[in-house]
Amino acid sequence: KKYHRITRQIVFSYFVRVLIFIFTPLLAVLLTRNLSVEQYGIYSLLSIIVLVSATLLDLGLFQFIMTKLSGAKIKARTGSFFSIVIFDVVFIIAVLLIFILTPLEKIFLYSLNLSAYAIEFRICLLIVFFSIIVKLYTAYLTADKRLELANFYEFISSSFWAVILLFAFLMFKRLDLQ
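Because the structure is a prediction, the values reported are computed rather than measured.

### Details of the overall build of the protein
In terms of helices and strands, the protein carries 7 helices and 0 strands. Along its sequence from the N terminus, the protein presents helices and strands in the succession α-α-α-α-α-α-α. Residues classed as buried in the protein amount to 30% of the 178 residues present. Accessible surface for the protein amounts to roughly 11,800 Å². Of this, 74% is attributable to carbon and sulfur atoms.

### Remarks on a nonpolar patch on the surface
Together, Tyr 3, Ile 6, Ile 10 and Tyr 14 make up an exposed nonpolar region whose accessible area comes to about 480 Å². Within the fold, Tyr 3 resides in helix 1 (residues 2-34). On the basis of relative accessibility, which here comes to 66%, the residue Tyr 3 falls in the exposed class.

### Things to note about the pattern of salt bridges
Evaluation of the coordinates by the stated rule reveals 1 salt bridge. A salt bridge links Glu 105 to Arg 122; its shortest N-O distance comes to 2.8 Å. Here Arg 122 lies in helix 6 (residues 118-143) and Glu 105 lies in helix 5 (residues 104-111), a separation of 17 residues in the sequence.

### Structural notes on the nonpolar core
One finds Leu 46, Ile 65, Phe 81, Phe 121, Ile 132 and Leu 136 to be the most contacted residues of the largest nonpolar core, which totals 28 residues. Secondary-structure elements contributing two or more residues to this core are helix 2 (37-58), helix 3 (61-68), helix 4 (74-101) and helix 6. For this core, the element with the highest residue contribution is helix 6, accounting for 10 residues. Among all residues touching Phe 121, those that are not within four sequence positions of it are Leu 46, Ile 49, Phe 99, Glu 105, Phe 108 and Leu 109.

### Details of the packing of helix 5 against helix 6
Contact pair helix 5 / helix 6: the axes reach a minimum separation of 11 Å and the direction vectors enclose 110°. With respect to helix 6, the axis of helix 5 lies roughly perpendicular. For the pair helix 5 and helix 6, the sense of crossing is right-handed. When helix 5 is examined against helix 6, the residues Glu 105, Phe 108 and Leu 109 are found in contact with a partner set consisting of Ala 118, Phe 121 and Arg 122. When grouped by side-chain class, the residues that make up the contact of helix 5 with helix 6 number 4 nonpolar, no polar and 2 charged.

The rules we used
- Residues numbered from 1 in each chain as written.
- Predicted model: local features only at pLDDT ≥ 70, side-chain atom pairs only at ≥ 80, totals over all residues.
- Heavy atoms only, no water.
- Helix = DSSP H or I, 4+ residues; strand = E, 2+ residues; numbered from the N terminus.
- Buried < 20%, exposed > 50% of the residue type's maximum accessible area, 1.4 Å probe, protein only.
- Areas by Shrake-Rupley, 256 points an atom, 1.4 Å probe, with all protein chains shown as cover.
- Patch = residues over 30% accessible without salt bridge, like charges linked within 9 Å, V, L, I, M, F, W, Y side chains within 5 Å.
- Salt bridge = Lys/Arg side-chain N within 4 Å of Asp/Glu carboxyl O.
- Core = buried A, V, L, I, M, F, W, Y, C linked by side-chain atoms within 4.5 Å.
- Contact = heavy atoms within 4.5 Å.
- Axes fitted to C-alpha atoms, helices over the stretch in contact; angles between N-to-C directions.
- Parallel < 35°, antiparallel > 145°, perpendicular 65-115°, else oblique.
- Left-handed = near helix turned anticlockwise from the far one by under 90°.
- Nonpolar A, V, L, I, M, F, W, Y, C, P; charged D, E, K, R; others polar.

Structure follows, in structure tokens:
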């Protein structure tokens, strides 16, 4: 029974990796065919901002949860996880508020020549916030040895919107936005 669970987890993990492997290039094709060069450049800049911001604001808590909480008892693991999430949420909100309420946001957008895309930038900040929460929860699921669910959340956070975009294009029977 133990080997059946491990086998199921490995198979599901590889299945999710294959899905991510399929949808990542598909997303690139859909975006390059449907966005102008300028729009794709802006998308790329905003994607990099999300990636770097999420990595910096993660504070290494993802790795901490996986390594330190995996051997803890369920009550201690759950309590520690919620303490970490509350700390990270407060930290992220404080950093984002300082960034938004001070001239830092305008300076940052101006330096990247993205001043006209302030709303899109703020949406990216929301994406950063939620992606960190999902990443922390994925780490908790991994520490709790619920790898199938952890892999599912990894797929959701990395490729699910590509699936939604693909279905939207298939529904309209064309691959352009005109």
